[in-house]
Amino acid sequence: MERNKFKRQNTKITKKSRKGVSSSSAPRPPWVELPRDVTANILHRLGAIEILESAQRVCTTWRNVCREPAMWRVIDMGNIGDPDDPYDLKIMCRHAVDRSQGQLIDIKIEHFGNDELIHYIAERSPLLKHLKIANCYDIVGEELREAVKKFPQLEELHLTYMRNIEAEDIESIGRSCPMLKSFSYNYRWFNFNYPLPEGSEAEEMEYAQSVAKTMPNLRHLALLGDQITNETLQAILDNCPHLESLDIRQCKNIVLGGDLEKRLSKQIKKLRRPYDSTADYGWIVSDAQYYI
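The structure presented is a predicted model; accordingly, all values stated were derived computationally and were not measured.

A. Geometry of a nonpolar patch on the surface. Residues Leu34, Val38 and Ile42 make up a contiguous nonpolar surface patch of about 210 Å² in total accessible area. Following the sequence through the fold, Leu34 ends up in the loop between helix H1 (2–18) and helix H2 (36–44).

Here is the structure:
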């Protein structure tokens with residue numbers, strides 16, 4: 001049917017051409033006339049999933065733009081973790097990484113990553129600077145810390161609800177990534193009052209201690225809902241002299257005041273305090289429900 005429809009359209013154009021109307025006068029979609037860089041900017045806002053599944057199929061112009069390695073320097077594979085999602089996101093992510101042809105500098109993976117995928121990215125992305133991973137329970141700390149050794153230029157690392165990451169993994173990552181300037185870790189996602197397994201409070205304090213030991217070049221640090229104490233916070237301030245942004249919301253073992261308060265006011269330009277609102281956190285957070 002589609003072929004017959006296409007033939008009928010061609011017949012109409014041919015008849016018009018015989019009457020002196022050029023076939024080239026048929027109107028073109030307005031987006032085809034946009035500059036290539038503008039088109040790329042628009043498409044990039046859709047995210048990798050929409051580009052691969054929809055946008056690149058719209059027209060030849062969009063398909064060609066979507067094939068350019070520059071389009072895949074930033075890959076956003078964020079999703080809501082829908083179990084009925086029809087896409088194989090691991091395969092899609094590999095395809096997106098392949099299209100970058102080694103130019104990838106920023107990637108976000110949410111809900112679907114595993115050890116094999118993080119190693120696949122590491123083998124093909126030597127220029128990676130920004131890595132965000134959330135709710136990827138099939139990535140274990142040992143594999144992540146091996147993978148990041150292949151990201152010598154990594155400057156930003158965000159780990160959200162990665163329950164298989166240990167304090168020793170954080171320490172290893174810090175030693176492997178001396179250029180790290182921004183780091184965030186949230187073990188408990190959004191439910192900050194959810195009871196922790198026995199022994200977890202001490203382990204969470206070790207996460208913060210690992211930061212103090214191995215990340216001296218940090219400018220930005222977020223440890224939401226962590227069990228960090230005043231003493232460990234002081235160690236971070238001592239060992240991270242360039243730190244200018246600190247987010248310790250829901251870190252309820254921190255008691256601000258006195259010399260520590262003065263130190264923070266002097267060194268930190270942007271401070272989110274333990275009892276500041278989490279409304280802008282980026283995850284589903286209800287202060288009324290989870291805030292004591």
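B. Focus on the side chain of Asp115. Take Asp115: it is sitting in helix H6 (residues 115–124). Although buried, Asp115 forms no salt bridge, and the nearest oppositely charged side chain, Arg94, lies 11 Å from it. A distance of 3.0 Å separates the side chain of Asp115 from the backbone nitrogen of Val140, its partner in a polar contact.

C. Focus on the side chain of Ser184. Assignment of secondary structure puts Ser184 in strand S5 (residues 182–186). Given the relative accessible area of 12%, Ser184 is considered buried. At 2.5 Å, the side chain of Ser184 forms a polar contact with the side chain of His158.

D. Representation of the environment of Ala147 within the structure. Inspection of the secondary structure puts Ala147 in helix H7 (residues 141–147). When the C-alpha atoms of Ala147 and Ser176 are compared, they prove to be 9.9 Å apart, with 29 residues separating the residues in sequence. Apart from the residues within four sequence positions on either side, Ala147 is in contact with Ile118, His119 and Ala122.

E. Inspection of H2 at higher detail. Three or more residues of H2 are buried, namely Thr39, Ala40 and Leu43. All buried residues of H2 project into a common sector of 100 degrees when viewed along the axis, lining one side.

F. Broad picture of the pattern of salt bridges. Applying the stated criterion across every chain yields a total of 13 salt bridges. The shortest N-O distance in the salt bridge between Glu168 and Arg145 comes to 3.9 Å. One end of the pair, Glu168, is in helix H8 (residues 167–176); the other, Arg145, is in helix H7, with 23 residues separating them in the sequence. When its relative accessible area of 53% is taken as the criterion, Glu168 is described as exposed. Taken together, the salt bridges that share partners define one network made up of Asp247, Arg249, Arg272 and Asp280.

G. Spotlight on the packing of aromatic side chains. Tallying each qualifying case throughout the model produces two aromatic pairs. Here the aromatic rings of Tyr137 and Tyr161 are separated by 5.6 Å at their centres, their planes lie at 90 degrees, and the arrangement is edge-to-face. Of this pair, Tyr137 sits in the loop between strand S3 (130–134) and H7 while Tyr161 sits in the loop between strand S4 (156–160) and H8; the two residues are 24 residues apart in sequence, bridging distant segments of the chain. Here Tyr185 and Tyr207 contribute two aromatic rings whose centre-to-centre distance is 4.7 Å and whose plane-to-plane angle is 55 degrees, an arrangement assigned as tilted. Here Tyr185, found in strand S5, pairs with Tyr207, found in helix H9 (residues 200–214); they are 22 residues apart in sequence, far enough to count as distant. The pair formed by Tyr185 and Tyr207 is uniform in burial state, with each residue classed as buried. In this arrangement the basic side chain of Arg124 is found over the ring face of Tyr120, its NZ or CZ atom lying 3.5 Å from the centre. Arg163 extends its terminal NZ or CZ atom over the ring of Tyr137, reaching a point 4.0 Å from the ring centre.

H. Structural context of the sheet that holds strand S1 (residues 74–77). Spatially, the eight strands line up as an open sheet ordered S1-S2-S3-S4-S5-S6-S7-S8, and their pairing is parallel. A strand with exactly one partner marks an edge of an open sheet, and here the two such strands are S1 and strand S8 (270–272). Along the sheet, successive strands turn relative to each other by an average axial angle of 5 degrees, direction set aside. Where S1 lies against strand S2 (residues 106–110), four bridges are found, and the strand directions are parallel. Paired with Asp76 across the strands is Lys108, a residue of S2.

I. Representation of the layout of surface pockets in the model. The calculated volume of the largest pocket comes to roughly 500 Å³. Contributing to the lining of the largest pocket are 27 residues, with His158, Ser184, Ala222, Leu224 and Tyr281 lying nearest its centre. Sorting the residues of the lining of the largest pocket by element identifies S2, S3, S4, S5, strand S6 (220–222), strand S7 (245–247) and S8 as the ones contributing at least two each. Among the elements that make up the lining of the largest pocket, the one with the highest residue count is S5 (five residues). For the lining of the largest pocket, a count of residues per class yields 11 nonpolar, eight polar and eight charged.

Calculation criteria
- Every residue gets a number counted from 1 within its own chain, in the order that chain's sequence is written.
- In keeping with the predicted nature of the model, local features appear solely for residues at pLDDT of at least 70, side-chain atom pairs appear and are counted solely at 80 or more, and the whole-chain, interface and lining totals rest on all residues.
- The basis for every side-chain value is the complete set of non-hydrogen atoms in the structure, without hydrogens or water.
- Each patch is assembled from residues with relative accessible area greater than 30% and no salt bridge, linking like charges that lie within 9 Å and nonpolar side chains (Val, Leu, Ile, Met, Phe, Trp, Tyr) that lie within 5 Å.
- The Shrake-Rupley method, run with a 1.4 Å probe, gives the accessible areas here. Residue values count only the displayed protein chains as cover.
- Here, a salt bridge means any side-chain nitrogen of Lys or Arg that lies within 4 Å of a carboxyl oxygen of Asp or Glu.
- Elements are defined by DSSP. Helices are runs of H or I of four residues or more, strands are runs of E of two residues or more, and each kind is numbered from the N terminus.
- Exposure categories follow from relative accessible area, calculated using a 1.4 Å probe and restricted to protein chains: below 20% of the type maximum is buried, above 50% is exposed, and the middle band is partly exposed.
- Here Asp and Glu are counted as negative and Lys and Arg as positive; His is not counted, and neither are the chain ends.
- Within 3.5 Å is the distance limit for a polar contact, defined as a pair of N or O atoms, with the added protein rule that one can donate a hydrogen and the other accept it, and that residues adjacent in sequence qualify only through two side-chain atoms.
- Contacts are assigned to residue pairs that have any heavy atoms within 4.5 Å of one another.
- The directions considered for the arc run from the helix axis to the C-beta atoms.
- For Phe, Tyr and Trp, where Trp contributes only its six-membered ring, two rings pair if their centres lie within 6.5 Å, and the inter-plane angle classes them as stacked under 30 degrees, edge-to-face over 60, or tilted in between.
- For a ring to carry a charge above it, either NZ of a lysine or CZ of an arginine must fall within 6 Å of the ring centroid while also lying within 35 degrees of the normal to the ring plane.
- In this description, strands pair whenever DSSP reports at least two bridges between them.
- Here, axes are lines fitted to C-alpha atoms. For helices the fit covers the stretch in contact, and angles between N-to-C directions go from 0 to 180 degrees.
- Computed over the protein atoms alone on a 1 Å grid, cavities are sets of points where a 1.4 Å probe fits but cannot get out and pockets are open sets with protein on both sides within 12 Å along at least five of seven lines; a residue lines them when it has an atom within 4 Å of a point.
- Grid points are joined across faces, edges and corners, and a volume is the space filled by probe spheres set on the points.
- Each residue is assigned to one class: nonpolar for Ala, Val, Leu, Ile, Met, Phe, Trp, Tyr, Cys and Pro, charged for Asp, Glu, Lys and Arg, and polar for all the others, Gly among them.

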